[in-house]
Structure formats: structure tokens, C-alpha cells
2 protein chains.
Amino acid sequence: MKKIIVIGASGTLGKAIVEQLGLRHEVLTAGRNSGQYQVRIEDPASVEALFQQVGKVDGVVVAAGDVHFGALAEMTAEQFQSGLASKLMGQVNVALAAQKHLYDGGSITLTSGSLSAQPIRFGANASTVNAAVDGFVLGAAIELPRGLRINSVSPTLVDESVDVYGAYFYGMETVPVKRAALAYSRSVEGAENGKTYRVW
Amino acid sequence: MKKIIVIGASGTLGKAIVEQLGLRHEVLTAGRNSGQYQVRIEDPASVEALFQQVGKVDGVVVAAGDVHFGALAEMTAEQFQSGLASKLMGQVNVALAAQKHLYDGGSITLTSGSLSAQPIRFGANASTVNAAVDGFVLGAAIELPRGLRINSVSPTLVDESVDVYGAYFYGMETVPVKRAALAYSRSVEGAENGKTYRVW
């Protein structure tokens, strides 16, 4: 039984991850406004404070961070930067801190998404951020000490979010969120490092 | 004969691009401190001012932007962010502005790099930024109007830079910068959109 913290635990994806990992592990939940611990991943000081509170863990999972959706023709640098600051830099902040607060052999699992390779209208920022997260995982993996590992899960739109985001994803196959949650389990409980698990 | 502006024209890569494109086109050169026009790509206002100065063009090529090289264990959020602000957001700033200042059928060509897929020690920020640039190109391509195109060139270390960066890249095959420059020609003079031309 491992001690794992899930950041973004109250989201559609987060809840499914907590349920899946909770079958076999002690799962701590964190979120911006919910869960057992509060954290703003965009703020390195808030991330460090989280790890000071929870102490050492065996696994860190992030299913949090926003991107900017909007037409490329009207996209401003500020809007584009907001996605970099949240879903990209937020997850990087967690990973940079986690490498110091994980037990030997522990894992970091970040969230990217299928738009890295399957672009949609209004999704230029998301394609950028998701590709960046996967690139970070690949680059960071080879430098982690003490048997630490880092992977990303790249889900497509999940069935449970079609009501909200379906109009952006017409024609794309969706997957049950339970299937996406399995990929997080594979990252946390497997032995691979520097991988992106595509769930699409 | 097209009118093409090359940003970062005085670098090792930039000079080779100017030479290659100059065989058949009118090439304008820009850089932070050199070239015919000065621009700081990290600053959207500076980028907009550049396009106001040069007027409409048929092609924009960016071979500029810095990343942070350093050990992951000691990397700070600020250091990581510096690479995002320069090589990633800088090139995005150029692309967002260029879509409004290109003639119909014009092209944008950005620069990523092989570390997106072939990580090296100290290169986590570069892997992230390079993957992000390729992801941006993929996402932005499908929204461009008026026959505009956007591609990226992903070079490995060039022979001419081995003296400076070779120690980071031991064991990796390098390529003549002339070969990398050909890929920019292919992007500018070809007809593809949303592609990453790997030169490795």
C-alpha cells in the first residue's frame, strides 16, 4: 500500500483516479478549493507548502490545470500565456517540488491530452500545452535520481465530459473516464519512466 | 521572388537560412541586436512594431529564442519559465502577429529541436519548449485563414555549433547547418501546413 496524493481530485478525471488508486492505496486529495489539502499549482510557494503539510509520499498525480480555448485569429499573448502558466507551468511546479519530497522509487504522473496530436478548432493553446507536458516528462525522466519516475497520461475527451466539451470534439471517439483512470494506475503502479500513456 | 523576414538572422542557423532563401528571394533580416530590424520576440509590442515597420511579407521565419539548460534537481520555476517566455512564447508572439501581416498564401516557420524526442541531461526545459513549439504548429495550422501555412523545423545540433554545445550532445549525430537550412526552404517554398521537419 502506497501513499499517493492526487491534485485535482474533485474533477471528473480526478474522482475516477482517486477511486481507482483507492482500491489498493492510501490516497490524499488536494485541489484549489476542495479535497483534504488546498493548493494553487500555478504558485511554486503554494506547491511547496502542500508538500510540507503532507510529508513524504510514494506518488504524486496531477489532474489539474487550465488551458485557453479560443479562436487563433483573436488569441492574445496574455490568453496564450494563461494556459502555459496553469496546465504547463503548474504541473512543472509540482514535478520540480515532488522530486525532493518523494520516497525512493516514487512516481510523478502528469496530465496532457490528445490535442497534442489531434488538433481541433480553438485548441492551439491546448495542443501546445499538452505536447509540452509530454516533452517535459521525456526530458525530466532521464535526470530523476533515487529510482524516481515521471510519466504523463494523455486522455482524449471522456464520455462524462461530453455534455460540457462535446461541441469542440465532434467526430472524435470518447472514452469512459474509468479507462483514463487505469492509465494513471499503470503509471503509479508500473515501472516505466518517461512514458506518455495515450488513452485514445 | 518572395519577401521573407528572418528573425534571428545573425545566428549560426539564421545565417544559413538567409543564405539559402537569399538564392531566390528578397530576405529581410531581424534580430535582438543585429540585422536590418531590431525586435525582442518576448515582447508582443516589439513584434507588432516590427511588422508595422516592414509591412506585408510572404514569409516569416524565426530562428531565435533561448531555453534554460541546467540540472533538473536544481531547476527553479523562474529558470524554467525563462525558456517558456523566450523560445516558446517568443515564437508564438511572432506567429500570432504574423497571421495578420502576411500576404495570402504566406508562411510562418518556427524552430523547435530534436530534444523534443531525444532528451539529454540538463535538457528538460528544452525538451518541453521544443515539443511545445511543434504542438503549437500542429494546433495553429488548422485555423489559419487565406491559405496561410505554419510549420516548424526541428534540427539536431549542427556541426558548426559542436564547439559550443558538443559536450551536452555526446554520442548524437550532428548535421551540417546547410542541411538544416534546406528544411526552412522546404517550409517556405513548399505547400505543406502543420508539419514539423525533423533534421536528425
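Computed from a prediction, not measured in an experiment: that's the story for all the values here.

Conventions and cut-offs
- Residues numbered from 1 in each chain as written.
- Chains lettered and ligands numbered in written order.
- Predicted model: local features only at pLDDT ≥ 70, side-chain atom pairs only at ≥ 80, totals over all residues.
- Heavy atoms only, no water.
- Helix = DSSP H or I, 4+ residues; strand = E, 2+ residues; numbered from the N terminus.
- Buried < 20%, exposed > 50% of the residue type's maximum accessible area, 1.4 Å probe, protein only.
- Contact = heavy atoms within 4.5 Å.
- Areas by Shrake-Rupley, 256 points an atom, 1.4 Å probe, with all protein chains shown as cover.
- Lys, Arg positive; Asp, Glu negative; His and termini not counted.
- Charge placed at Lys NZ, Arg CZ, Asp CG, Glu CD.
- Salt bridge = Lys/Arg side-chain N within 4 Å of Asp/Glu carboxyl O.
- Pairing = 2+ DSSP bridges.
- Axes fitted to C-alpha atoms, helices over the stretch in contact; angles between N-to-C directions.
- Phe/Tyr/Trp six-rings, centres within 6.5 Å; stacked < 30°, edge-to-face > 60°.
- Polar contact = N/O pair within 3.5 Å; in protein donor to acceptor, adjacent residues only side chain to side chain.
- Nonpolar A, V, L, I, M, F, W, Y, C, P; charged D, E, K, R; others polar.
- 1 Å grid on protein atoms, 1.4 Å probe; cavity = no way out; pocket = protein on both sides within 12 Å on 5 of 7 lines; lining within 4 Å.
- Points joined across faces, edges and corners; volume = space filled by probe spheres on them.

J.: Whenever I open this one, the overall build of chain A confuses me. Can you help?
T.: Along the backbone of chain A there are six helices and seven strands. Helices and strands in chain A line up, N terminus first, as β-α-β-β-α-β-α-β-α-β-α-α-β. Counting across all 200 residues of chain A, residues that qualify as buried make up 57%. Sequence-distant contacts in chain A: of pairs separated by 6 or more residues, those separated by 24 or more amount to 68%. When the accessible surface of chain A is totalled, it reaches about 7900 Å², and 50% of it is carbon and sulfur. Here chain A carries 17 positive and 18 negative side-chain charges, and the mean point of each set is 5 Å from the other.

J.: I tried to follow the pattern of salt bridges on my own but got confused; where do I start?
T.: Residues and elements named next belong to chain A. What the rule picks out here adds up to ten salt bridges over all chains. For glutamate 42, the salt bridge goes to arginine 32, with nearest N and O atoms at 2.9 Å. You can see glutamate 42 sitting in the loop between strand S3 (37–38) and helix H2 (44–54) and its partner arginine 32 sitting in the loop between strand S2 (26–31) and S3, a full ten residues away along the chain. Accessibility expressed as a relative area gives 40% for arginine 32, which makes it partly exposed. Salt-bridge contacts for lysine 195 lead to glutamate 192; the nearest nitrogen and oxygen are separated by 3.3 Å. Given the relative accessible area of 29%, glutamate 192 is considered partly exposed. Salt bridges linked by common partners bring Arg186, Glu192 and Lys195 together as one network.

J.: Whenever I open this one, the sheet that holds strand S1 (residues 3–7) of chain B confuses me. Can you help?
T.: Across a sheet, paired strands are connected by hydrogen bonds in the backbone, their directions being either parallel or antiparallel. Residues and elements named next belong to chain B. The seven strands are arranged S3-S2-S1-S4-S5-S6-S7 in an open sheet whose pairing can be described as parallel. Two strands in the sheet have a free side with no partner beyond their single neighbour: strand S3 (37–38) and strand S7 (196–199). Bridge count between S1 and strand S4 (residues 57–62): four bridges; the pairing is parallel. Bridged to isoleucine 5 within S4 is valine 60. Sitting on the sheet, helix H2 (residues 44–54) is in contact with S1, strand S2 (26–31), S3 and S4, with an inclination near 150° to S1.

J.: How should I be thinking about the packing of aromatic side chains in this particular structure?
T.: Aromatic ring pairs: the centre-centre distance and the angle between the two ring planes describe each pair. Scanning the entire structure with this criterion turns up six aromatic pairs over all chains. Ring geometry for A:Phe136 against B:Phe80: centres 5.5 Å apart, planes inclined by 85°, an arrangement best described as edge-to-face. Separated into two different chains, A:Phe136 in helix H4 (residues 124–141) and B:Phe80 in helix H3 (residues 77–101) make up a pair that spans both. Each member of the pair, A:Phe136 as well as B:Phe80, is classed as buried.

J.: So what exactly am I meant to see when it comes to the interface of chain B and chain A here?
T.: Quoted interface sizes are often the accessible area lost when the parts come together. Counting residues at the interface gives 39 residues for chain B, matched by 39 residues for chain A. Between the two partners, chain B and chain A, sit six residue pairs in polar contact (both at pLDDT 80 or more). Mapped onto the side of chain B that touches chain A, the elements with two or more residues apiece are H3 and helix H4 (124–141) of chain B. For the side of chain B that touches chain A, the element with the highest residue contribution is H3(B), accounting for eleven residues. Class assignment for the residues of the side of chain B that touches chain A results in 24 nonpolar, twelve polar and three charged.

J.: So what exactly am I meant to see when it comes to empty space enclosed by the protein here?
T.: Over the atoms a probe the size of a water molecule is rolled, and this reveals where empty space is left. By the definition in use, this model includes one cavity of 30 Å³ or more. Here the largest cavity defines a volume of roughly 30 Å³. What lines the largest cavity is A:Ala95, A:Leu96, A:Ile108, A:Phe136, A:Ala140, A:Leu144, A:Ile150 and B:Leu72. Listed by contribution, the elements that provide at least two residues to the lining of the largest cavity are helix H3 (77–101) and H4 of chain A. Grouping the constituent residues of the lining of the largest cavity by class yields eight nonpolar, no polar and no charged.

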